[in-house]
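What the coordinates show
Letter by letter, the chains look like this.
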Amino acid sequence: MKALKRVLTPASLAVIGGGAWCAEVIRQARKLGYSGQIWPVHPKADQVAGEAVYKSIEDLPQAPDVAFIGINRHATIETVKVLSTLGAGGAVCFASGFTEARAEDDQGADLQEQLVAAAGDMPILGPNCYGFVNALDNVAIWPDQHGMRPVERGVAILTQSSNIAINMTMQRRALPLAFMLTCGNQAQTHQADIAAALLDDDRITAIGVHIEGFGDLRKWEALAAKARDRGVRIIALKMGRSSHAQAATISHTASLAGGDAGAQAFLDRLGIARLNDIPSFLETLKLLHITGELDGNGLGMISCSGGEASLAADMAEDRDLRFPALTDTQRANLRDALGPMVALANPLDYHTYIWRDTDAMTRAWKSLVGQDIAMTMAVVDYPHTDATDWECATQAALNCVAETGRPFAVTATLPELMPEDVARRLRDGGVVPFAGLHEALAASEAAAPRSHEVADPVLLPSDTNADQILTEAEAKDALAEFGMPVPKRVVACPQDAGQAVHGLNGPFAVKGVGLAHKSEHGAVRLGIEAEEIDATALDIGTPEILIEEMATGGVAELLVGVTRDPAHGYVLTLGAGGILTEILRDTVSLLIPASREAVRTALGQLACAPLLAGYRGKSAANIVATLDAVEAVQSYVIANATTVDEVEVNPLICSADGAVAVDALIRKASS
């Protein structure tokens with residue numbers, strides 16, 4: 001981390017190259033107030049952006065703390081090697097054409113390996129990297145415009161997109177940006193390493209990461225642990241939600257999980273909230289900067305319009321937010337402030353009887369503040385014509401924070417109706433100035449406490465090449481070795497099916513062997529009596545037939561599945577099972593290993609959870625047996641991680657007496 005500190009707070013900057021990008025680096029550094037040494041390096045030019053030029057890196061007065069390398073990719077490699085040999089602090093590699101260049105005949109991957117080798121122990125950012133702006137120390141290693149200004153404390157943002165970074169620096173939301181850094185290809189220095197280094201600076205109040213791919217999962221786990229220890233929240237703008245399900249899968253689990261379930265499960269495991277759009281991402285960082293993590297998910301909403309109150313309630317409906325009912329004390333205080341003409345509720349329409357009476361507005365607004373309310377919001381849209389008459393609202397909000405010390409926000413329903421000057425004034429007074437109601441609700445949800453269960457490291461995915469699908473009977477045998485209850489069964493050829501069931505108790509499930517999706521082929525027959533076995537087996541028509549005792553007394557059918565995700569580990573998916581699994585799409589995903597308590601919590605999040613608890617007078621499922629069955633699947637995967645690709649139990653029949661896997665599938669490598 002010390003090495004990165006030298007790069008991020010440099011006393012000397014070498015700018016290597018003489019083009020427009022390099023000249024802009026020098027201009028932006030001076031514009032932000034950088035007071036260190038700037039040394040342009042170019043073999044032919046006399047000056048770059050008004051600065052005298054050194055002909056070579058070796059001619060510099062000393063090894064620079066950081067270098068911006070603005071030359072082509074081939075020359076970049078040799079330049080990095082020279083800087084490393086001289087003992088430079090680090091480098092920003094601007095050139096593209098490395099691993100992000102995906103043309104089959106391109107040299108990008110090989111050149112990136114050469115670049116890393118040339119760097120040795122010297123940190124490099126990139127390649128394909130814009131650099132960074134450190135507004136805490138007035139350092140800009142940045143080849144373009146940006147909208148940042150010096151701050152004493154604020155949030156840090158690390159992105160994998162230079163263009164998104166530029167756009168976010170131009171925000172006009174009164175968000176104090178302390179650090180903006182682009183990570184580029186992360187050839188050597190990982191995004192999580194940089195974020196961990198920034199956690200050492202107590203001027204950083206929150207960290208936002210824009211992620212295209214995680215890369216080294218262990219680094220992210222270490223970052224999350226350090227952030228918890230430091231009490232600094234990390235939030236994510238993670239790309240990839242729309243990726244299609246893996247094409248080479250055969251289980252229902254894989255099609256349900258898709259490409260993003262592992263990413264979401266990993267973020268959940270780390271306690272990192274995920275935002276889906278840039279405005280909500282920025283508003284969440286603003287909230288965390290001003291109030292820190294909220295102490296719950298209860299909202300108090302106050303507005304002078306019934307329409308706004310209803311809108312807020314509706315927009316919060318699908319979020320993990322709640323509007324606690326007013327306490328007797330709140331009702332009494334509100335009645336005293338508002339009089340008898342206002343119907344008291346949360347969200348509250350306080351009408352406009354007290355508008356312009358700052359003292360009365362303060363009394364009313366702070367009356368909604370309570371210990372069960374993590375964030376109180378006053379909905380106020382400032383007109384862009386003449387906002388003089390809205391001064392009462394601004395001051396009332398400031399008074400509420402000063403007098404209660406609890407989180408309070410002024411929320412404009414339209415982002416453009418939160419003026420930047422008003423937002424800065426509110427922010428400086430401890431009030432969160434939300435630009436947009438959607439964004440305010442997203443931020444409040446994201447800033448609520450996250451799970452603090454310290455999970456074991458995720459099981460890293462193997463590089464397996466699955467080429468074998470076990471039969472259902474083989475899959476059940478494999479899972480049974482790890483404690484999975486399975487029905488009594490026999491495998492026979494169709495001609496011997498009737499005799500093979502002696503010793504088993506009907507009715508029976510009769511299934512064709514060797515088909516991945518038996519139901520779609522009409523190869524699953526249920527409730528078959530002993531005398532019907534022969535005819536049923538012949539009608540199914542497969543060379544072998546699986547005959548099982550039927551599971552009885554089920555109160556719920558679950559899917560328990562695992563898919564190997566090359567980017568995130570082994571994704572454990574729990575959901576409503578049976579033939580309607582993919583229609584219901586009632587699932588939740590975790591990463592293996594998942595604790596027993598985490599699995600219990602996940603099951604409670606399913607829409608079908610009431611069935612497990614006992615619905616409309618029916619018996620509840622044996623939750624201990626259900627958890628044991630899920631644990632058996634996990635144990636099998638952990639023991640066979642070098643070969644397993646997919647596991648699915650669907651359905652797991654859950655009853656008051658236990659749980660039994662009535663269908664199972666395993667795909668794995670043969671060796």
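Structure: above.
From a predicted model like this one, the values you see are computed outputs, not experimental measurements.

1. Describing the overall build of the protein chain
- Within the protein chain, the secondary structure is distributed over 23 helices and 30 strands.
- Taking all 671 residues of the protein chain together, 56% fall into the buried category.
- Contacts in the protein chain between residues at least 24 apart in sequence constitute 71% of all its contacts with a sequence separation of at least 6.
- Element-wise, carbon and sulfur atoms account for 49% of the exposed surface of the protein chain, whose accessible area totals about 27,900 Å².
- A gap of 6 Å separates the mean positions of the 53 positive and 83 negative side-chain charges of the protein chain.

2. With respect to the packing of aromatic side chains
- Tallied over the entire structure, the rule returns 12 aromatic pairs.
- On the numbers, 6.0 Å between centres and 20 degrees between planes, the contact of F132 with F179 is stacked. Here F179 lies in strand β11 (residues 177–182) and F132 lies in strand β8 (residues 132–134), a separation of 47 residues in the sequence.
- We classify F132 as buried; its relative accessible area is 0%.
- F179 sits in the buried class, given a relative accessible area of 3%.
- Seen in terms of ring centroids, W355 and W390 are 5.8 Å apart; in terms of plane orientation they differ by 75 degrees. Their pairing is edge-to-face. Residue W355 is located in the loop between β16 (348–349) and α13 (358–367), and its partner W390 is located in the loop between β17 (375–379) and α14 (391–404); the two are separated by 35 residues in the primary sequence.
- Its relative accessible area of 15% is what places W355 among the buried residues.

3. As for the pairing of strand β1 (residues 12–16)
- A large share of β1 lies buried, amounting to five of its five residues.
- Because side chains alternate across β1, one face comprises the buried residues S12, A14 and I16, and the other comprises L13 and V15, equally buried.
- Relative to strand β2 (residues 37–41), β1 runs parallel, the two sharing five bridges. For A14, the partnering residue across the bridge sits in β2 and is W39.
- In this region the chain leaves β1, passes through helix α2 (residues 20–32) and returns to the parallel neighbour β2; the handedness of that crossover is right-handed.
- By the bridge criterion, four bridges tie β1 to strand β5 (residues 66–69) in an arrangement that is parallel. By the bridge assignment, I16 is partnered in β5 with I69.

4. Describing the nonpolar core
- The biggest cluster of nonpolar side chains holds 108 residues, and the ones touching the most others in it are L13, F132, L158, L181, I207, W220 and F281.
- Broken down by element, the residue count for this core peaks at seven residues, all from helix α16 (residues 437–447).
- Among all residues touching W220, those that are not within four sequence positions of it are H190, Q191, A192, V209, I211, F214, F266 and L270.
- V555, L572, V599 and V649 belong to the second largest nonpolar core, which has 44 residues in total.

5. Considering the side chain of R269
- Within the secondary structure layout, R269 lies in helix α9 (residues 261–270).
- In this structure R269 is buried but unpaired, with E221 as the nearest side chain of opposite charge at 4.9 Å.
- Within the structure, the side chain of R269 is placed 2.8 Å from the backbone oxygen of D456, a separation counted as a polar contact.

6. Focus on the side chain of T159
- Turning to its location among the elements, T159 is positioned in strand β10 (residues 154–159).
- The contact partners of T159, leaving out residues within four places of it in the chain, are A165, M168, M180, L181, T182, C183, G184, Q191 and H210.

7. A look at the packing of helix α3 (residues 73–86) against helix α4 (residues 108–119)
- Close contact between α3 and α4 brings their axes to 8 Å; oriented N to C, the two are set at 15 degrees. Relative to α4, the element α3 lies roughly parallel. Crossing hand, α3 versus α4: left-handed. When α3 is examined against α4, the residues R73, H74, T76, I77, V80, K81 and S84 are found in contact with a partner set consisting of G108, L111, Q114, L115, A118 and A119.
- In the contact of α3 with α4, the residues fall into six nonpolar, five polar and two charged.

8. A word on the sheet that holds strand β15 (residues 299–303)
- Read across the sheet, five strands follow the order β16-β15-β17-β18-β19 without closing on themselves; strand pairing throughout is parallel. Of all strands in the sheet, those bounded by a partner on one side alone are β16 and β19 (432–435).
- In the packing of helix α10 (residues 278–291) onto the sheet, the strands contacted are β17 and β19, and the crossing angle to β19 comes to about 175 degrees.

Analysis parameters
- Residues numbered from 1 in each chain as written.
- Predicted model: local features only at pLDDT ≥ 70, side-chain atom pairs only at ≥ 80, totals over all residues.
- Heavy atoms only, no water.
- Helix = DSSP H or I, 4+ residues; strand = E, 2+ residues; numbered from the N terminus.
- Buried < 20%, exposed > 50% of the residue type's maximum accessible area, 1.4 Å probe, protein only.
- Contact = heavy atoms within 4.5 Å.
- Areas by Shrake-Rupley, 256 points an atom, 1.4 Å probe, with all protein chains shown as cover.
- Lys, Arg positive; Asp, Glu negative; His and termini not counted.
- Charge placed at Lys NZ, Arg CZ, Asp CG, Glu CD.
- Phe/Tyr/Trp six-rings, centres within 6.5 Å; stacked < 30°, edge-to-face > 60°.
- Pairing = 2+ DSSP bridges.
- Right-handed = clockwise from strand over helix to strand, strands pointing away.
- Core = buried A, V, L, I, M, F, W, Y, C linked by side-chain atoms within 4.5 Å.
- Salt bridge = Lys/Arg side-chain N within 4 Å of Asp/Glu carboxyl O.
- Polar contact = N/O pair within 3.5 Å; in protein donor to acceptor, adjacent residues only side chain to side chain.
- Axes fitted to C-alpha atoms, helices over the stretch in contact; angles between N-to-C directions.
- Parallel < 35°, antiparallel > 145°, perpendicular 65-115°, else oblique.
- Left-handed = near helix turned anticlockwise from the far one by under 90°.
- Nonpolar A, V, L, I, M, F, W, Y, C, P; charged D, E, K, R; others polar.

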